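Observations on chain architecture
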Protein chains: 2
Amino acid sequence: MDNRGMRISARADYAVRAALELAAAGDEASLKAEAIAAAQGIPHKFLEGILGDLRRGGLVISQRGGKGGYRLARPADSIAIADVIRVADGPLVSVRGVRPPELAYCGPAETLLPLWIAVRANVRKILDEVTLAHVAAAELPDEVLSLAEDPKAWTNP
Amino acid sequence: MDNRGMRISARADYAVRAALELAAAGDEASLKAEAIAAAQGIPHKFLEGILGDLRRGGLVISQRGGKGGYRLARPADSIAIADVIRVADGPLVSVRGVRPPELAYCGPAETLLPLWIAVRANVRKILDEVTLAHVAAAELPDEVLSLAEDPKAWTNP
DNA sequence: AGTTTCCCTATCGAATTACTAGGGAAATGT
DNA sequence: ACATTTCCCTAGTAATTCGATAGGGAAACT
């Protein structure tokens, strides 16, 4: 009964870190998959698959050949962290595999639905607002920063 | 690449719904596993395992025999939804299986750590505050309700 | 005793997760 | 033209997790 709960998968984590490397390199510059993999300690072939998702999702543009690599398709301040996660990993929050609005509860559990909706809204509030540019520049919006700076937020449970 | 993301497992969902049935029955009354399973449409034997977790976690008290069943160990307004989820399903939020404070990021990804912390804090803000009594009585705290009532919170992405 | 109900362990198939392998296709440099 | 680089695609795989089921033992009540 240990490591379950709401988890951010390795795939989502890797996708965001790769996108951050691209953001840090500048909107014009391009990086090779191998360079990103080395910089972030991500298995190279696994990362290639993830970068393919980001490309199909319209977040990055790729080019083959000697001078090839990947670059962001849009400015880093117009790509939210949530965009990257959704493209690489599907819907941000789900309950038993389905998105909250599709759930049917009965009896005393009826009010669970708005509760899950509220949880999802509070996750979105952060991940839809924070962009690659924010994180790459280490400058989170004030509301997010104040959440993260609360010492209680760092405690175990 | 479909149903991943941050998911609330069937186990966590079932655990909360079972606890809500107990809360609705009153702090003193007790219900049999079979009755809870029928009321909420949860596989009976699967639910028994979950109720075992809740008991070992100190959230419910069980009794065997003809007049047996389960009842809450504490008043419903002193048990947060987060308590139930943690006991049944482990830590609320994790990244790649580990809890955020244990993560090590480098380069432009360094600020990811406070970001995940902020996400977790925002999830906790809801699930630590809302109790079984709130949900069973269909009366969510105002801040939570206003999050859930925003029509944008119900949209797809 | 006999029934009821919780309690424990074991098992199961299907899905998911995190990777790995191998080769094909396009762009570039000489 | 040719070799090299780098992306691109499909398939596979070992380990784990998820959701569920089965069977029987132990305690409590009538």
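The structure we're discussing is the one just above.
Residues numbered from 1 in each chain as written. Chains lettered and ligands numbered in written order. Predicted model: local features only at pLDDT ≥ 70, side-chain atom pairs only at ≥ 80, totals over all residues. Heavy atoms only, no water.

**A word on the protein's contact with DNA strand D**
Near DNA strand D lie 25 residues; those nearest to it are A:K32, A:A33, A:S62, B:K45 and B:Q63. Atoms of DNA strand D within 4 Å of the protein belong to the sugar or the phosphate in 71% of instances, the rest to bases. Between DNA strand D and B:Y14, the relevant distance is 3.0 Å, taken from a phosphate oxygen to a side-chain nitrogen or oxygen of the residue. The side chain of B:K45 places a nitrogen or oxygen atom 2.5 Å from a base oxygen of DNA strand D. Secondary-structure elements contributing two or more residues to the surface near DNA strand D are helix 3 (44-56), strand 2 (60-63) and strand 3 (69-72) of chain A together with helix 1 (10-25) and helix 3 (44-56) of chain B. Element by element, the count of residues in the surface near DNA strand D is highest for helix 3 of chain A, at four residues. Partitioned by chemical class, the residues of the surface near DNA strand D number six nonpolar, eight polar and eleven charged. (Near = heavy atom within 4 Å. Polar contact = N/O pair within 3.5 Å; in protein donor to acceptor, adjacent residues only side chain to side chain. Helix = DSSP H or I, 4+ residues; strand = E, 2+ residues; numbered from the N terminus. Nonpolar A, V, L, I, M, F, W, Y, C, P; charged D, E, K, R; others polar.)

**Brief notes about the relation of the copies chain A and chain B**
Structural alignment of chain A on chain B gives an RMSD of 0.0 Å, achieved by rotating through 180 degrees and translating 0.0 Å along the axis. What the superposition gives is, in effect, a two-fold axis relating one chain to the other. Taking C-alpha positions as reference, the residue of chain A nearest the rotation axis is A:M6, located at 2.4 Å. (Least-squares fit on C-alpha atoms with pLDDT ≥ 70 in both.)

**Thoughts on the interface of chain A and chain B**
On the side of chain B, 72 residues touch chain A, which itself brings 72 residues to the contact. When the two sides are added together, the surface that chain A and chain B hide from each other amounts to roughly 6500 Å², 62% of it contributed by carbon and sulfur. The largest share of the area that chain A buries against chain B comes from A:M6, A:I8 and A:P108, three residues that together contribute 12% of it. The interface formed by chain A and chain B holds two salt bridges in total. We note a salt bridge from B:R96 to A:D13, for which the minimum N-O separation is 2.6 Å. For the pair chain A and chain B, the interface holds 23 residue pairs in polar contact (both at pLDDT 80 or more). Of all the elements in the fold, those that place two or more residues in the side of chain A that touches chain B are strand 1 (6-8), helix 1 (10-25), helix 2 (33-40), helix 4 (81-89), strand 4 (93-95), helix 5 (112-127), helix 6 (132-136) and helix 7 (142-149) of chain A. Examining the composition of the side of chain A that touches chain B, we find that 16 residues originate from one element, helix 5 of chain A, more than from any other. Here the side of chain A that touches chain B is composed, by residue class, of 45 nonpolar, eleven polar and 16 charged. Pairing between strand 4 of chain A and strand 1 (residues 6-8) of chain B: three bridges, direction parallel. (Contact = heavy atoms within 4.5 Å. Buried area = accessible area lost by both parts, 1.4 Å probe. Salt bridge = Lys/Arg side-chain N within 4 Å of Asp/Glu carboxyl O. Pairing = 2+ DSSP bridges.)

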